[in-house]
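# Analysis of the macromolecular model
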Amino acid sequence: MPSRPSRPSRAVLGLLPPALLFALITWQVAADGPLLRPDERLSRALVHPDRASELLADLGEVQIAVPVLLLVAGYTAWRGRTAGVARWWVPSLAALAVLATVPLIVVPLKLWTDRPGTPAVPPATGYYPSGHTATAAVAYGAAAMVLLPWLRSASARRLALATSALLVLGVSFGLVRRGYHWPLDVMASWCLCAVLLGALWLLLERERPERERSEDERPERERPQCERAARGRLRTAAGRPCQTGAPRPSTRTTRTSDPSASRPYRGARKPQDTP
């Protein structure tokens with residue numbers, strides 16, 4: 001019977017769809033393929049330059065997105081070093097390295113495809129793929145990924161991911177709405193960043209301590225009772241400590257069959273009078 005693929009193997013396979021879609025869009029742009037016609041029609045329907053779309057697009061500027069990642073990377077590195085985590089510098093350095101690869105990929109593609117801009121911008125070329133979208137997606141996405149292990153509650157982790165996603169979507173919408181980029185330019189950057197952030201996630205999973213991975217993958221029946229209760233499996237009394245080792249000895253008095261064992265002592269019995 002064939003064995004199931006491991007978790008990293010499944011994650012690597014999950015990177016193939018965005019990589020293939022990115023290659024398809026790039027081929028269509030370079031060859032002036034049929035996908036460009038609906039892309040241009042969609043752009044004409046969406047373009048409406050205004051101040052709000054311009055402000056949203058500015059969130060993808062290097063001067064805004066990169067300092068956010070630098071601050072988060074510095075904070076998480078400090079937390080890891082303070083907590084005595086081995087190789088505490090790896091997550092922050094990996095996030096910055098992924099961000100540094102963005103211009104190394106985007107700039108050559110801009111020169112190669114030489115795609116002109118929309119009618120809303122001055123005549124120029126080199127608009128594919130969207131550098132603002134790629135910068136925002138990697139900077140905000142990597143910041144959320146390295147910050148997640150240091151957030152205690154699930155609601156805080158969900159808030160971090162939601163904030164990152166909303167920032168990327170806001171930048172993407174602003175670029176298309178303002179007419180700075182064609183929709184396919186933005187979509188291609190999404191695909192590219194999905195691959196880059198997926199690779200970063202794989203690295204962070206490898207760097208996660210073995211102890212934490214074993215805790216996550218431990219069978220449910222082997223978890224402490226209060227931990228299972230927190231996961232919605234059991235209900236425990238409020239304030240009851242979690243018992244992880246051997247059970248505590250019982251202090252309850254056991255009842256015996258001898259009725260005199262539970263009688264209080266009343267002194268020596270007097271001899272009964274005889275007739």
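Remember, it's a predicted structure, so these values are computed and weren't measured experimentally. The numbering scheme is per chain: residues are counted from 1 as the chain's sequence reads. Thresholds applied to this predicted model are a pLDDT of at least 70 for local features of residues and 80 or more for the giving and counting of side-chain atom pairs; totals over whole chains, interfaces and linings are not thresholded and use all residues. For side-chain calculations, the full set of non-hydrogen atoms in the structure is used, while hydrogens and water are omitted.

### Considerations on the confidence of the model for the protein chain
Quick note on the threshold: Here pLDDT means the predictor's own confidence in every residue, given as a number from 0 to 100. Contact between two residues is taken to exist if any of their heavy atoms lie within 4.5 Å; hydrogens are not considered.
In the predicted model, the protein chain carries a mean pLDDT of 82, and 72% of its residues have values of at least 70. The low-confidence segment residues 226–239 (pLDDT under 50) makes 15 contacts with residues lying over four places distant or belonging to another chain.

### Some points on unusual backbone geometry
Glycine aside, negative phi is the norm for most residues, and most peptide bonds take the trans geometry. Filter applied, for reference: A helix here means a DSSP run of H or I that spans at least four residues, while a strand means a run of E at least two residues long, and both kinds are numbered starting from the N terminus. Only protein chains enter the accessibility calculation, which uses a 1.4 Å probe; a residue whose area is less than 20% of its type maximum is buried, one above 50% is exposed, and one in between is partly exposed.
The amide bond that connects Tyr128 to the next residue, Pro129, takes the cis arrangement and shows omega of -10°. Mapped onto the secondary structure, Pro129 falls in the loop between α6 (90–113) and α7 (131–147). Positive phi outside glycine occurs at Asp32, with the angle close to 55°. Among the structural elements, Asp32 can be located in the loop between α2 (16–30) and α3 (36–46). The class for Asp32 is partly exposed, based on a relative accessible area of 48%.

### Digging into the packing of aromatic side chains
This is how it is decided: Only rings of Phe, Tyr and Trp enter the pairing, Trp through its six-membered ring, and a pair is recorded when the two centres are within 6.5 Å. The plane angle decides the type: under 30 degrees is stacked, over 60 is edge-to-face, the rest tilted.
In the structure shown here, the tally under the stated rule is 1 aromatic pair. Geometrically, the ring pair formed by Tyr75 and Trp78 is tilted, given 6.2 Å between the ring centres and 40° between the ring planes. Remark: Trp78 and Tyr75 occur in helix α5 (residues 62–82); sequence separation between them is 3 residues, near one turn of the helix.

### Thoughts on the state of the cysteines
Note the following rule: When the sulfur atoms of two cysteines come within 2.5 Å, that pair is taken as a disulfide.
Throughout the structure, instances matching the rule amount to 0 disulfides. Unpaired in terms of disulfides, Cys191 finds its nearest cysteine sulfur in Cys193, a separation of 9.4 Å. We classify Cys191 as buried; its relative accessible area is 7%. Here Cys193 falls in the buried class, since its relative accessible area comes to 3%.

### So, the nonpolar core
Applicable threshold: We call a set of buried Ala, Val, Leu, Ile, Met, Phe, Trp, Tyr and Cys residues a nonpolar core when their side-chain atoms join them within 4.5 Å.
Phe22, Leu69, Val138 and Leu200 are the most contacted members of the largest nonpolar core, which has 44 residues in total. When residues of this core are traced back to their parent elements, those giving at least two are α2, α5, α6, α7, α8 (154–178) and α9 (183–207). If one sorts the elements of this core by residue count, α7 sits on top with 11 residues. Each residue touching Val138, except ones within four places of it in the same chain, is listed here: Val98, Leu99, Val102, Ala143, Cys193, Leu196 and Leu197.

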